[in-house]
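Secondary and tertiary structure notes
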Amino acid sequence: MSHLKKVFWSVLMLLSVAVITEASDLDKFDAEKGVLKIAGGTAHIPVMKEAAKMIMQKNSAIRITIAGGGSGVGIKQVGEGLIDIGNAGRKATEKEISQYGLHMVKWAIDGVGVIVNPKNSVTSLTTKQLNEIFSGKITNWKEVGGGDKSINLYDRDAASGTRSVFWKKALKKGDVSTKANIVVSNGAMKTAIAGDPYGIGYVSVGHIDATVAPVALDGVVPDLANVKNGDYKVSRGLYSITKGEPVGLARLFLEFLLSPTGQKIAESKGFISVQ
Amino acid sequence: MRLLSRLSVTVFRLAAFGSGLLTIAVFLMMLSFGWPLLTDGQFFTLLAGEWNPANGLFGIYPMVVGSISIAFLALLFSLPVSLGTSFVATVLAPPPVRRFVLGIIRFMAGVPTVIYGFVAVFMLVPFMREQITGGSGLNILTAAIVLAVLIAPTMIVFFVSGLKNVKPEYCLAVDALGARPVQKLIFLLIPQAWPSIVSGIIMGLGRAMGDTLISLMLAGNSIAIPASVSDSGRTLTAHIALVIAADFSSMEFKSIFACGLVLYIFTVIVVVALRWVSPGQDLRSI
């Protein structure tokens, strides 16, 4: 009996703590209204959606729109003043920052993992094998321990932040075969690999779920724990960018992302918090 | 009342002028953006070269090949089916069947492009991969098949309206001579409806060339020059959609205008050529 009581009280306390933190992080939005336009990196979208949902439920006078497009689109559109916040899965270049006067906020860390179809028996590759697969030197799964089927490569478009990190840190800036199929978002990559038993591609670790199988790189599985402790090296910051110092709703939104509640959302979507 | 009718005539004329001017304005804008490429002769280098920005190559030849092969393959699949359907829907079937077929066609014309792409990703692509082409199933053939389905309603509607608008006097005369439906179709309706059939083909081909989403979702978008229809390929339109996020001042971005110009010029050439070769048409009616 006393045991049950203890459980009851501790649960109640936990709940009230959760409610209090959420309430305080969201309180700042009470007096606000207007539209906040967000676009860019596709890895960011699950977190953006959740945060926007919480804010809009708290205060229905605020409308937040979220679009994809890729990191390049995010940086370009925020620079041109078309949107309020541009998301990028890479740092903006010096040129971009000076040209547009951009202000970057890093609110989470994300790994980029190689994925294959769950039916594929290959679960581990070395960096060299990965390089040779993507450059088109290895073209059959049997060369890396799989079945006798030719490999279907999936790559991202040049504006992708996920691609730029993968290319730099996993492929060491090696050539990518011109025969690679190209898809336009993390979500599209996951759908493509989930549907293609002989495909190989890469997504943000936050996007890996049961429909695709992660591939260990040099023996390290791309999961949250390995990205967090630094064992898995193919990782990057997730940035949200404003033109100049953020003001108004954009500032509140970025502060919310960095608040305990915002960081909790990022963790629940498979990213690593920065606070 | 007269004022009202005059006013409406003015409004309609302005609308017609406006849309005409818009087409010209788009061309001029692309020309001005692409002008630096045209003047120093880079345009033709781009047209014949390969695309590999990492190595400083910005050619669009693979995309020109991709666009042309996908569009014409789609037309090749779609034209016989569309012609057949329009014959059935106007002459060859009993009236209730005609109405049913036309109803289906109108419904097909209203289905959003993305639905076709979406369904094809989950149903046609695995089938192509396992049974027909091998590879990833994302290739020129897959995209062309879906595009053929997409452009069929457009063409059928044009064909049907042409076949139905043949002068009733002619039809009565042919019927009075005791012609069978097939004879009526071959010797009267098709020759009379020829201009509409040509227009339908132009509209279909234009839609196939201009479509972005189907090729972006289904053709694979690889930058290699496709060697067969079972290869992954990229169209000019998909290429524009993929590269538009590049830096404004970069060469990648400038090359987009070369793509736009090629698409524009190509469409004009096809329209003029088809009008030219079709009998009973003089060029003034283009």
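A few words on the pairing of strand S2 (residues 62-69) of chain A. All names here are of chain A. Both strand S1 (residues 34-40) and S2 contribute to a ladder of 6 bridges, which runs parallel. The residue bridging valine 35 from the neighbouring strand is arginine 63, located in S2. Read from S1 through helix H2 (residues 45-58) to S2, the crossover connection turns out right-handed.

One pass over the structure, following the stated rule, counts 9 aromatic pairs over all chains. Relative to Phe256(A), the ring of Phe29(A) has its centre 6.0 Å away and its plane inclined at 85 degrees; by these criteria the two rings are edge-to-face. Of this pair, Phe29(A) sits in the loop between helix H1 (2-27) and S1 while Phe256(A) sits in helix H9 (residues 248-258); the two residues are 227 residues apart in sequence, bridging distant segments of the chain. Phe256(A) sits in the buried class, given a relative accessible area of 1%. When the centroid spacing of 5.2 Å and the interplanar angle of 65 degrees are considered together, the rings of Phe118(B) and Phe122(B) count as edge-to-face. Taken as a pair, Phe118(B) and Phe122(B) lie in helix H5 (residues 113-122) at a separation of 4 residues, close to a single helical turn. Through pairs of rings, three or more aromatic residues link up here, namely Phe134(A), Phe166(A) and Tyr202(A).

All right, on to the domain arrangement of chain A then. Residue and element names in this part refer to chain A. Entries for chain A in the domain assignment read domain 1 (3-110 + 237-273) and domain 2 (111-235). The centre of domain 1, based on its C-alpha atoms, is set 28 Å off from the matching centre of domain 2. Listed as interface residues are 15 residues of domain 1 and, on the opposing side, 19 residues of domain 2. Contact between domain 1 and domain 2 buries roughly 1200 Å² in total, counting both sides, with carbon and sulfur atoms accounting for 55%.

All names here are of chain A. In this fold, proline 246 is placed in the loop between strand S10 (235-243) and H9. A residue is classified by how much of its surface remains accessible, and proline 246, at 14% relative accessible area, is buried. Residues within four places of proline 246 in sequence aside, it is in contact with His103, Arg251 and Leu254.

Further remarks concern a nonpolar patch on the surface. Residues and elements named next belong to chain B. There is a patch of nonpolar side chains on the surface, built from Val114, Ile115, Phe118, Val119, Phe122, Met123 and Leu213 and spanning about 650 Å² of accessible area. The leading source of residues in the nonpolar patch is H5, at 5 residues. Positionally, methionine 123 belongs in the loop between H5 and helix H6 (124-132).

With that out of the way, let us pick up the nonpolar core. Counting residues in each nonpolar core, the largest one holds 92 residues, and the members touching the most others are Leu130(A), Ile133(A), Phe166(A) and Ile200(A). Looking at which element gives the most residues to this core, the answer is helix H12 (residues 251-277) of chain B, with 11 residues.

Moving on to the interface of chain A and chain B. Facing 21 residues of chain A, the contacting portion of chain B comprises 22 residues. Carbon and sulfur atoms make up 54% of the area that chain A and chain B hide from each other, which totals about 1800 Å². Among the residues of chain A in contact with chain B, Lys76(A), Thr178(A) and Ile182(A) are the three that bury the most area, contributing 32% of the side total. Seen at the junction of chain A and chain B, the total is 1 salt bridge. Where Arg129(B) meets Asp196(A), a salt bridge forms, and the shortest distance between an N and an O atom there is 3.7 Å. For the side of chain A that touches chain B, the elements supplying multiple residues, two or more each, are helix H3 (71-79), helix H4 (94-100), strand S6 (152-156), strand S7 (181-183) and helix H7 (186-195) of chain A. Of all the elements, H3(A) adds the most residues to the side of chain A that touches chain B, at 3 residues. For the side of chain A that touches chain B, the per-class residue count stands at 9 nonpolar, 6 polar and 6 charged.

Residue and element names in this part refer to chain A. Position of aspartate 155 relative to the elements: it lies in strand S6. A distance of 3.1 Å separates polar atoms of two side chains, one belonging to aspartate 155 and the other to arginine 163. At 2.5 Å, the side chain of aspartate 155 and the side chain of tyrosine 202 are in polar contact. Those residues within four positions of aspartate 155 in sequence are excluded, and the remaining contacts are Arg163, Val176, Ala180, Asn181, Ile182, Val183, Met189 and Tyr202.

In this section: the pairing of strand S3 (residues 85-88) of chain A. Looking down a regular strand, the side chains alternate between one sheet face and the other. Residue and element names in this part refer to chain A. Burial along S3 is two-sided: Ile85 and Asn87 and Gly86 and Ala88, pointing in opposite directions, are all buried. Note that S1 and S3 share 3 bridges and pair parallel. Within the sheet, the bridge partner assigned to alanine 39 lies in S3 and is glycine 86. Pairing between S3 and S10: 3 bridges, direction antiparallel. Each residue of the ladder has a partner; that of glycine 86, found in S10, is isoleucine 241.

As a further point, take the side chain of Thr90(B). Residues and elements named next belong to chain B. Structurally, the position occupied by threonine 90 is in helix H3 (residues 61-92). Residue class for threonine 90 comes out buried when judged on its relative accessible area of 10%. Setting aside residues up to four positions removed in sequence, threonine 90 forms contacts with Arg98, Val160, Leu163 and Lys164.

Take the packing of H3(B) against helix H11 (residues 236-243) of chain B next. Residue and element names in this part refer to chain B. Contact geometry for H3 and H11: axes closest at 8 Å, N-to-C directions at 130 degrees. Compared by their axis directions, H3 and H11 come out oblique. Seen from H3, the contacting residues are Met63, Val64 and Ser67; seen from H11, they are Leu236, Thr237 and His239. A per-class count over the contact of H3 with H11 returns 3 nonpolar, 3 polar and no charged.

The tally for this structure, following the rule as stated, stands at 15 salt bridges over all chains. The salt bridge involving Glu50(A) is made with Lys269(A); its shortest N-O contact spans 3.9 Å. Here Glu50(A) is found in helix H2, whereas its partner Lys269(A) is found in the loop between helix H10 (260-268) and strand S11 (272-273), with 219 residues between them in sequence. Overall, Glu50(A) belongs to the partly exposed group, its relative accessible area being 24%. A salt bridge links Arg129(B) to Glu130(B); the nearest nitrogen and oxygen atoms lie 3.6 Å apart. Taking relative accessible area as the criterion, Arg129(B) reaches 8% and is therefore assigned buried. You can call Glu130(B) partly exposed: its relative accessible area is 39%. Each of Asp27(A), Asp30(A) and Lys58(A) takes part in salt bridges that share partners, so that together they form one network.

Here is what the cut-offs are and how they apply
- Note that residues are indexed from 1 along each chain, following the sequence as it is written.
- Following the order in which they are written, the chains are lettered starting with A and the ligands numbered starting with 1.
- Residues qualify for local features only when their pLDDT is at least 70, as the model is predicted, and side-chain atom pairs are given and counted only at 80 or more; totals for whole chains, interfaces and linings, by contrast, use all residues.
- As a rule here, side-chain values come from all non-hydrogen atoms in the structure, and water together with hydrogens is ignored.
- Strand pairing is assigned whenever DSSP identifies at least 2 bridges connecting the two strands.
- Only DSSP runs of H or I reaching four residues or more are called helices, and only runs of E reaching two or more are called strands; each is numbered from the N terminus.
- With the strands pointing away from the viewer, any crossover whose connection runs clockwise from the first strand over the helix to the second is right-handed.
- Stacked, edge-to-face and tilted labels apply to pairs of Phe, Tyr and Trp rings (six-membered ring for Trp) whose centres lie within 6.5 Å, assigned for plane angles under 30 degrees, over 60, and everything in between, in that order.
- Here's how the labels work: a residue is buried when its accessible area is under 20% of the maximum for its type, exposed when over 50%, partly exposed in between, all with a 1.4 Å probe on protein chains only.
- Note that the domain bounds reflect an automated or database-derived domain assignment.
- Between two residues, a contact is recorded if the distance between any of their heavy atoms is within 4.5 Å.
- Note on definitions: buried area is the accessible-area loss of two parts on being combined, 1.4 Å probe, summed for both.
- Patch definition: residues with relative accessible area over 30% and no salt bridge; like charges joined within 9 Å; nonpolar side chains (Val, Leu, Ile, Met, Phe, Trp, Tyr) joined within 5 Å.
- Computed by Shrake-Rupley with a 1.4 Å probe, the accessible areas treat only the displayed protein chains as cover when residues are assessed.
- Only one rule defines a salt bridge in this text: a Lys or Arg side-chain nitrogen within 4 Å of an Asp or Glu carboxyl oxygen.
- The definition of a nonpolar core used throughout is a set of buried Ala, Val, Leu, Ile, Met, Phe, Trp, Tyr and Cys residues joined through side-chain atoms within 4.5 Å.
- Residues are grouped as follows: Ala, Val, Leu, Ile, Met, Phe, Trp, Tyr, Cys and Pro are nonpolar; Asp, Glu, Lys and Arg are charged; every other residue, Gly included, is polar.
- Any N or O atom pair separated by 3.5 Å or less is treated as a polar contact, with the protein-specific requirement of one donor-capable and one acceptor-capable atom, and with residues adjacent in sequence counted only for side-chain atom pairs.
- Helix axes are fitted only over the stretch in contact, all axes being lines through C-alpha atoms; the angle between N-to-C directions runs from 0 to 180 degrees.
- Our angle categories are set so that under 35 degrees counts as roughly parallel, over 145 as roughly antiparallel, 65 to 115 as roughly perpendicular, and the remainder as oblique.

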